[in-house]
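The lines below spell out each chain.
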Amino acid sequence: MAMARASSGLAYPERFYAAAAYAGFDGSPNSANSVSSKFQNDTALLLYALYQQATVGPCNTPKPSTWNAVEQSKWKSWYGLASMPPAEAMRLFVKILEEEDPGWYSRASNFVSEPVVDFQTNHNPKVEPVVENGNSFPETKTISSENGSSMETQDKDVVSEGLGSVVVYDQWVAPPISGQRPKARYEHGAAVIQDKMYIYGGNHNGRYLNDLHVLDLRSWTWSKVDAKVGAESDESKSPATITHCAGHSLIAWENKLVSIAGHTKDPSESIQVKGFDPQTHTWSTLKTYGKAPVSRGGQSVTLVGTSLVIFGGQDAKRSLLNDLHILDLETMTWDEIDAVGVPPSPRSDHAAAVHAERYLLIFGGGSHATCFNDLHVLDLQAMEWTRPTQQGEIPSPRAGHAGVTVGENWFIVGGGDNKSGASETVVLNMSTLVWSVVTSVEGRVPLASEGLSLAVSSYNGEDVLVSFGGYNGRYSNEVNVLKPSHKSTLQSKIVETPVPDSVSAVHNATNATNATNATRDESEFEAGQEGKIREIVMDNVDPEPMKSKGEVSSEHLIATLKSEKEELESSLSKEKSQTIQLKQELAEAETRNTDLYKELQSVRGQLAAEQSRCFKLEVDVAELRQKLQTMETLQKELELLQRQKAASEQAALNAKHRQGSGGMWGWLAGTPGDQREDEA
């Protein structure tokens, strides 16, 4: 719940009767009509059934005739509660009323005899209703602050207009909203056109929505827009269906709304772009040219001049993306950008902003397993990604947060890390990349949830931030407002603390562009210092006229500020020279890195060649070993054959010798050879 509601001794059933009286159940025959005018039909029927169950009991009345559809619907709703106990019906009635109208209790002073205490989860003081012309209007409630106490309202910090609304500087407040609130949701689109905030689509209980609502930021009144589909008017527009979608982006462009991308039940292959004309209440599909990006949701869409810069998101197959595309709204032509440098890792549900119409900043977001709190900067002129060092109170990792820019300040609200919601509202000075915490909330409130929307508008000549919706275990349809303080301490903190060398990636790039920017910075600095002089002089003016003293004091202050300006310019020059030196060292390091990489590749090639040669040698050695074993076997066989041959030759020699020893004559004489040998 956005706030915990309690009363001074008011319990059930008195609390139920107060809720019933507030909802319109006063016992008259026309009470049902009064309820149906405040709530949607299904909610009104359920409230009627619970009221009857709590006050009368189970439905025992006969079923009405079929020709009376209204009475039959009421009977079915009551009859469907069966034997639900009256106490349970009372509690369910109050619970549903709190979901549909979270601020009902603070507005129920006309129906409650005892004073009502309305407090936050950190026990803020009670808020009394403001009575104007006999009607009770609730005073705006302050959302819980960081130290657990609400900020005291001072005359100089209050703006009153319309329904007695109060806006406290640097604190979230809930204005008194009237009209039929949109259904609770998150991942919707929000944009402001002429003091009217439009809410389109979103997700509720896993269902995509296609309704369009508008909140008048002057009267704080909701109304539903009966949108229709426009007929084909020219070649750039074609008939459109009112798409049910979530995770899309809604951009205000030339007093019209542009809805781009988003998750749908039946996703298309590429991103669809639709336009809405608030004058005719007509949706139309905008025809684009070039290669459109793949369809997605959870991307960031940033208006830069006349172009939309689209980064990241998640496609229909749940694949995370980190591609970069630009849509020229004048020619409706797509252009895919291949930037240099290291881009952010693939992610969705991040926040993006543009600074000085040149630098695109990407913060946070999530993947399937983790959330991020890194900051990336894209130079849209050089198309180069950098990741500068963040300073100050760096926010915790988060996804599903929302952000808007006011001047050079980028406000980030909500988000979560899948465990808890981010309770701090933080601001980044985009010139110095220094984070600061604006305020904090406590408890499970819509401001600490994912998928909420954040828009910036003007209220009584001052900028205000307007948040709506979100999800933190429960869907929200609450509106909260924060008015940034014009007495911001961010600039003084930055001036007092020397800016480190690693900080000003955006600031240095802006100042080093050309001399024109430097001249503009000097003029802005002088203008800011003159404003500071006027403020100091007004704060220190004496009751009696002392013109000469004021002039001397002003001259002294001007001289002091000029000397401070010279010191700042000197420091800026040193920072520029150090930046140039660091860039040179970085270039040299990159050159050395390139050479080392080439050498590493060469060594890897040589190593691969040596490994291949060693493998061949091992194969040759194995073959030689095998041949050596074969040669040893052959050697043994050869020796055996040689012995056999020697024996055979010896035997043959002996036989020949015996044969040739008697000669022919001996043989003829018949004398044996052995005998002749003996005689000899």
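Residues numbered from 1 in each chain as written. Predicted model: local features only at pLDDT ≥ 70, side-chain atom pairs only at ≥ 80, totals over all residues. Heavy atoms only, no water.

The condition is simple: UniProt positions are given in the numbering used here, feature names are shortened, and annotations may be inferred rather than shown by experiment.
An unreviewed UniProt entry lists the protein chain under the name Acyl-CoA-binding domain-containing protein 5, with Hevea brasiliensis given as the organism. Heading Sequence similarities (unreviewed entry) of the UniProt record for the protein chain holds this comment: "Belongs to the ACBP family."

**Structural notes on the environment of Leu-257**
This is how it is decided: Put simply, DSSP H or I for four residues or longer makes a helix, DSSP E for two residues or longer makes a strand, and each gets a number counted from the N terminus. Any residue under 20% of the maximum accessible area for its type is buried, any over 50% is exposed, and the rest in between are partly exposed; the area is computed with a 1.4 Å probe on protein chains only. Every residue pair with non-hydrogen atoms within 4.5 Å of one another is taken to be in contact.
In this structure, Leu-257 sits in strand 14 (residues 256–260). Note on Leu-257: relative accessible area 1%, which makes it buried. Spatially, the C-alpha atom of Leu-257 lies 8.7 Å from that of Tyr-198, the residues being 59 residues apart in sequence. Apart from residues no more than four positions distant in its own chain, Leu-257 is found in contact with Ala-191, Ile-193, Tyr-198, Leu-250, Ile-251, Ala-252, Lys-274, Gly-275 and Phe-276.

**Overview of the pairing of strand 19 (residues 300–304)**
This is how it is decided: When DSSP locates at least two bridges between a pair of strands, those strands are taken to pair.
The element strand 19 is largely enclosed, with a buried count of four among its five residues. Two strands pair when backbone bridges link them, and strand 19 and strand 20 (residues 307–315) are joined in this way by five bridges, in the antiparallel orientation. Across the sheet, residue Val-301 finds its bridge partner in strand 20, namely Ile-310. In textbook terms, the turn of a hairpin is the stretch between consecutive antiparallel strands, and for strand 19 and strand 20 this stretch comprises two residues, one of which, Gly-305, has a positive phi near 65°.

**Concerning the packing of aromatic side chains**
Condition: Two rings from Phe, Tyr or Trp (for Trp, the six-membered ring) form a pair when their centres are within 6.5 Å of each other. A pair whose planes differ by under 30 degrees is stacked, one over 60 is edge-to-face, and the rest are tilted.
The full count for this structure, using the stated rule, is 14 aromatic pairs. Between Phe-276 and Trp-283, the ring centres sit 5.1 Å apart and the planes meet at 50°, which makes this aromatic pair tilted. With relative accessibility at 1%, the residue Phe-276 sits in the buried group. With relative accessibility at 1%, the residue Trp-283 sits in the buried group. Through a chain of ring-to-ring contacts, the aromatic side chains of Phe-16, Tyr-17, Phe-25, Tyr-51 and Phe-93 assemble into a single cluster.

**Re the side chain of Gln-390**
Worth spelling out the cut-off: Two N or O atoms count as a polar contact when they lie within 3.5 Å, although within protein this holds only if one can serve as hydrogen donor and the other as acceptor, and sequence-adjacent residues are included solely when both atoms are side-chain atoms.
Within the secondary structure layout, Gln-390 lies in the loop between strand 26 (384–386) and strand 27 (391–392). A distance of 2.6 Å separates the side chain of Gln-390 from the side chain of Trp-435, its partner in a polar contact. Aside from chain neighbours lying at most four places away, what touches Gln-390 is Phe-363, Asn-373, Asp-374, Leu-375, Leu-433 and Trp-435.

**Here's the deal with the sheet that holds strand 31 (residues 434–440)**
Across the sheet, five strands lie side by side as 27-31-30-29-28; this open sheet has mixed pairing. The sheet is open, and its two borders are formed by strand 27 and strand 28 (402–406), each paired with just one other strand. Of the strand pairs in this sheet, strand 28 and strand 29 (residues 409–413) are connected by five bridges, and their pairing is antiparallel. For Thr-405, the partnering residue across the bridge sits in strand 29 and is Trp-410.

**Thoughts on the packing of helix 3 (residues 41–55) against helix 5 (residues 86–100)**
Here is the rule we go by: Axis definition: a line fitted to C-alpha atoms, limited for helices to the stretch in contact. Angles are taken between N-to-C directions and run from 0 to 180 degrees. Any angle that is under 35 degrees is reported as roughly parallel, and any over 145 degrees as roughly antiparallel; angles of 65 to 115 degrees are reported as roughly perpendicular and all others as oblique. Take the far helix as your reference; a near helix turned counterclockwise from it by less than a right angle gives a left-handed crossing, and one turned clockwise gives a right-handed crossing. As a working rule, the residues Ala, Val, Leu, Ile, Met, Phe, Trp, Tyr, Cys and Pro are called nonpolar, Asp, Glu, Lys and Arg charged, and the rest polar, with Gly in that last group.
Contact geometry for helix 3 and helix 5: axes closest at 8 Å, N-to-C directions at 150°. On the basis of the axis angle, helix 3 is roughly antiparallel to helix 5. The interaxial crossing formed by helix 3 with helix 5 has left-handed handedness. Between helix 3 and helix 5, the residues in contact are Thr-43, Leu-46, Leu-47, Leu-50, Tyr-51, Gln-53 and Ala-54 and Pro-86, Ala-89, Met-90, Leu-92, Phe-93, Ile-96 and Glu-100, respectively. Here the contact of helix 3 with helix 5 is built from residues that sort into 11 nonpolar, two polar and one charged.

**Looking at unusual backbone geometry**
With a phi close to 55°, Asp-170 is a non-glycine residue in the positive phi region. By secondary structure assignment, the location of Asp-170 is in the loop between strand 3 (141–142) and strand 4 (173–174).

**Points about the side chain of Arg-398**
Mapped onto the elements, Arg-398 comes out in the loop between strand 27 and strand 28. Residue classification places Arg-398 among the buried residues on the basis of a relative accessible area of 0%. Polar contacts involving the side chain of Arg-398 include one to the main-chain carbonyl oxygen of Ser-396, which spans 3.1 Å. At 3.5 Å, the side chain of Arg-398 forms a polar contact with the backbone oxygen of Gly-414. With sequence-adjacent residues up to four places away left out, Arg-398 is seen in contact with Phe-363, Gly-364, Gly-365, Cys-371, Phe-372, Ile-412, Gly-414, Gly-415, Gly-416, Ala-422 and Glu-424.

**Looking at the nonpolar core**
Soluble globular proteins tend to pack their nonpolar side chains together in the buried interior. Test applied: By nonpolar core is meant a set of buried Ala, Val, Leu, Ile, Met, Phe, Trp, Tyr and Cys residues that side-chain atoms within 4.5 Å join together.
In this structure, Phe-16, Phe-25, Phe-39, Leu-50, Phe-93 and Trp-104 are the most contacted members of the largest nonpolar core, which totals 28 residues. When residues of this core are traced back to their parent elements, those giving at least two are helix 1 (14–23), helix 3, helix 4 (69–79) and helix 5. When residues of this core are assigned to their parent elements, the largest contribution, seven residues, is made by helix 3. Among all residues touching Phe-39, those that are not within four sequence positions of it are Ala-23, Ala-44, Leu-47, Leu-97 and Glu-100. Val-173, Leu-217, Val-464 and Val-466 belong to the second-largest nonpolar core, a separate cluster that totals 17 residues.

**A few points about the pattern of salt bridges**
How we decide: Put simply, a salt bridge is a Lys or Arg side-chain nitrogen that is within 4 Å of an Asp or Glu carboxyl oxygen.
In this structure the tally under the stated criterion is 10 salt bridges. Between Arg-347 and Asp-374 there is a salt bridge whose closest N-O contact spans 2.8 Å. With Arg-347 in the loop between strand 22 (333–337) and strand 23 (351–355) and Asp-374 in strand 25 (residues 371–379), this pair connects stretches of sequence that are 27 residues apart.

**Concerning the packing of helix 3 against helix 4**
In the contact formed by helix 3 and helix 4, the axes pass within 8 Å of each other and the chain directions differ by 55°. One element, helix 3, and the other, helix 4, form an angle in the oblique class. Where helix 3 crosses over helix 4, the two elements pack in a sense that is right-handed. When helix 3 is examined against helix 4, the residues Leu-45, Leu-46, Tyr-48, Ala-49, Gln-52 and Gln-53 are found in contact with a partner set consisting of Ser-73, Lys-74, Ser-77 and Trp-78. In terms of residue class, the contact of helix 3 with helix 4 is built from five nonpolar, four polar and one charged.

**Digging into the sheet that holds strand 23**
Strands sit in the order 23-24-25-26 across an open sheet of four strands; the sheet is antiparallel. Edge strands, defined here as strands with exactly one partner in the open sheet, are strand 23 and strand 26. With strand direction ignored, the average angle separating the axes of adjacent strands in the sheet is 25°. Two strands pair when backbone bridges link them, and strand 23 and strand 24 (residues 359–366) are joined in this way by five bridges, in the antiparallel orientation. Counterpart to Ala-351 in the pairing with strand 24 is Phe-363.

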